[in-house]
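Each chain, letter by letter, is given below.
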Amino acid sequence: MIVFCEECGKKYRIDPAKIKGTAASFKCRSCSHRIVVPKPPPPESQPQTPPAPSIEQVTTTTIERLRRRR
Ligand SMILES: [Zn+2]
């Protein structure tokens, strides 16, 4: 998948398989902006599946965990 830096527009190629949990984040090499990459839904996911009720909360929790590891 392709991800763009929100600040400077630099393009990154991200392997979705490397995203653990619901999201991953990394620093832009050009401007040091922290880029958050939500994990894309698996291609085999069915459209009938209802969306999770609290995606934002889960994402925030995952980012907190990533920060604590450092
Ligand atoms: Zn940038």
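Heads up: the structure comes first, above all this text.
In this text the structure is predicted, and so the values were computed from the model without any measurement. (Residues numbered from 1 in each chain as written. Predicted model: local features only at pLDDT ≥ 70, side-chain atom pairs only at ≥ 80, totals over all residues.)

## Overview of unusual backbone geometry
Stated precisely, the cut-off is as follows: Think of it this way: any DSSP run of H or I at least four residues long counts as a helix, any run of E at least two long counts as a strand, and we number them from the N terminus. Neighbour counting defines burial: a residue surrounded by 20 or more other C-beta atoms within 10 Å of its own C-beta is buried, one with 12 or fewer is exposed, and intermediate counts give partly exposed, using backbone-placed C-beta atoms.
Its identity is not glycine, yet serine 32 carries a phi of approximately 65°, on the positive side. Structurally, the position occupied by serine 32 is in the loop between strand 3 (23-27) and strand 4 (34-38). You can call serine 32 exposed: it has 10 C-beta atoms within 10 Å.

## Quick notes on the pairing of strand 4
Heads up, the condition is: If DSSP finds at least two bridges between two strands, the strands pair.
Both strand 3 and strand 4 contribute to a ladder of 5 bridges, which runs antiparallel. By the bridge assignment for strand 4, serine 25 is matched with valine 36.

## What about the environment of alanine 23?
Where we set the bar: The contact criterion used is a C-beta to C-beta distance within 7 Å, with each C-beta placed from the backbone.
Along the chain, alanine 23 falls in strand 3. Each C-alpha atom, one on alanine 23 and one on valine 36, is 6.9 Å from the other, the two residues being 13 residues apart in sequence. If near-sequence neighbours (up to four positions away) are discounted, alanine 23 is found in contact with Val36, Val37, Pro38, Lys39, Thr59, Thr62 and Ile63.

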